[in-house]
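Listed below are the residues making up each chain.
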Amino acid sequence: MTDVVIQLDLFPASALLAESGTTFLNTRVAVVDGNVEVWRNEYPTPVVVFTAPLTSYEGNVRTGYTLHTDAGTVIAGRDGGCGCGATLGTADLWAGRRRVNTSL
């Protein structure tokens, strides 16, 4: 079994793709193996709407994160609520891989 290194996992979250001005609500924003991933809640399974290698970041869980990539900037923060009923909360997004949590 291979490892997946999770450096950030925000859920429920909102994500603004700064260059396009697109805001996604009810998302899961993660930094996985050095890549920024924005997952959107879809039925029957979540889908990735943005992914790119992380080049730098600012922020923290309290104020939100600005995640810089060569493909653009993602501004992410926690949404209110619990995310109950969302497939994103229970989905195994990295199936078949052992999760290793670390910090940015």
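Residues numbered from 1 in each chain as written. Predicted model: local features only at pLDDT ≥ 70, side-chain atom pairs only at ≥ 80, totals over all residues. Heavy atoms only, no water.

Participant: Summarise the pairing of strand E1 (residues 2–17); cite the residues concerned and give the values.
Facilitator: Across a regular strand the side chains alternate sides, sitting on one face of the sheet and then on the other. Relative to strand E7 (residues 97–101), E1 runs parallel, the two sharing five bridges. Note that in E7 the partner of Ile6 across the bridge is Asn101. Here E1 runs beside strand E2 (residues 22–32); their pairing, made up of eight bridges, is antiparallel. From the neighbouring strand, Leu10 faces E2, where its bridge partner is Val29. Turn length for the E1-E2 hairpin, with the two strands adjacent in sequence and antiparallel, is four residues, and the turn residue Gly21 shows positive phi of about 80°. Relative to strand E6 (residues 72–78), E1 runs antiparallel, the two being bridged by five bridges. Bridging from a neighbouring strand, Ala13 pairs with Arg78 of E6. (Pairing = 2+ DSSP bridges. Helix = DSSP H or I, 4+ residues; strand = E, 2+ residues; numbered from the N terminus.)

Participant: Which residues make up the nonpolar core, and what are the values?
Facilitator: Counting residues in each nonpolar core, the largest one holds 16 residues, and the members touching the most others are Leu10, Val29, Phe50, Leu67 and Val74. When residues of this core are traced back to their parent elements, those giving at least two are E1, E2, strand E3 (35–40), strand E4 (47–60), strand E5 (64–69) and E6. Take this core: its biggest share by element is five residues, from E1. When near neighbours in sequence (up to four residues on either side) are disregarded, Val29 contacts Leu8, Asp9, Leu10, Ala13, Ala15, Glu37, Val38, Leu67 and Ala76. Counting ten residues, the second largest nonpolar core, distinct from the first, contains Ile6, Phe11, Trp39 and Trp94. (Core = buried A, V, L, I, M, F, W, Y, C linked by side-chain atoms within 4.5 Å. Buried < 20%, exposed > 50% of the residue type's maximum accessible area, 1.4 Å probe, protein only. Contact = heavy atoms within 4.5 Å.)

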